[in-house]
Amino acid sequence: MDIIDEVLQHPYYLRQLQVLQTYEQDRCFCRHDMAHFQEVARIAKVIAGQNSLSIPQEMITLAALFHDMGRVQEYEQTISHAEASAAFAREILFALDYPSTRIEEICQAILAHSRRQDAEVRYARAFQIRTLGELISYADQFSRKCYMCSAASDCKWPKEQRILQNYYPDDL
Ligand SMILES: [Fe+2]
Ligand SMILES: [Fe+2]
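Residues numbered from 1 in each chain as written. Chains lettered and ligands numbered in written order. Predicted model: local features only at pLDDT ≥ 70, side-chain atom pairs only at ≥ 80, totals over all residues.

In the Ramachandran plot, Ser-52 falls in the positive-phi region, its phi being about 50° despite a non-glycine side chain. For Ser-52, a count of 7 C-beta atoms within 10 Å puts it in the exposed group. Positive phi, close to 60°, is recorded for Asp-97, a residue that is not glycine. Its place among the elements puts Asp-97 in the loop between α6 (81-95) and α7 (100-112). Accessibility expressed as a C-beta count within 10 Å gives 9 for Asp-97, which makes it exposed. (Buried ≥ 20, exposed ≤ 12 C-beta atoms within 10 Å, placed from the backbone. Helix = DSSP H or I, 4+ residues; strand = E, 2+ residues; numbered from the N terminus.)

Structure follows, in structure tokens:
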């Protein structure tokens, strides 16, 4: 069984995902579910290819699968979900004997993922991405199609950070 399957079948991962879905079942804004994690992974892999990055696909997938799992702790204790997600990833990946250097790189990427930028800046710099952290952060923001969102009028994202249609790359 590969590491992705091991994570997806890990009881602790499955339980945390279940709790997160329960917290967000009535959420009108973007949700943090498996569909979001898969979309972040998909976009990140496209962007990695466009930037000729040699980051293993497996690490991109793992960072995407874990990056918002700490939302549970954020809902319960108002701590940063990026920090909680990194701690959660570290605990599970360590228990699964994943290489420690890769765990650290994934955790650093998760810690950095929630720094959004203006959509115009992101769009212009889509071919200047070098690290796993930049990749996940970019894919996370571009996974949200603000231009077709029914909750946009109440969203807390600043207007300039929203992904409008003219900033959504054709090839994503
Ligand atoms: Fe996040
Ligand atoms: Fe996210």
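From this point on, the discussion continues.
The packing of two helices is summarised by the inter-axis angle and the distance between the axes. With their axes 8 Å apart at the nearest point, helix α3 (residues 34-50) and helix α4 (residues 57-66) run at an angle of 145° to one another. Of the two possible hands of crossing, α3 and α4 adopt the one that is right-handed. Two secondary-structure elements touch here, α3 through Phe-37, Val-40, Ala-41, Ala-44, Lys-45 and Ala-48 and α4 through Gln-57, Ile-60, Thr-61, Ala-64 and Leu-65. Across the contact of α3 with α4, the residue classes break down as eight nonpolar, two polar and one charged. (Axes fitted to C-alpha atoms, helices over the stretch in contact; angles between N-to-C directions. Left-handed = near helix turned anticlockwise from the far one by under 90°. Contact = placed C-beta atoms within 7 Å. Nonpolar A, V, L, I, M, F, W, Y, C, P; charged D, E, K, R; others polar.)

Further remarks concern the environment of Gln-25. The topology assignment puts Gln-25 in the loop between α2 (11-23) and α3. Residues Gln-25 and Asp-68, 43 residues apart in the sequence, show an inter-C-alpha distance of 16 Å.

Here α3 contains 17 residues, and its C-alpha end-to-end distance of 24 Å stays within 8% of the 24 Å for a straight helix at 1.5 Å per residue. Inspection of α3 places Phe-37, Val-40, Ala-41, Ile-43, Ala-44 and Ile-47 among the buried residues, and these make up the whole buried set. Ser-52 sits one or two residues past α3 and shows a positive phi near 50°. (Expected span 1.5 Å × (residues − 1).)

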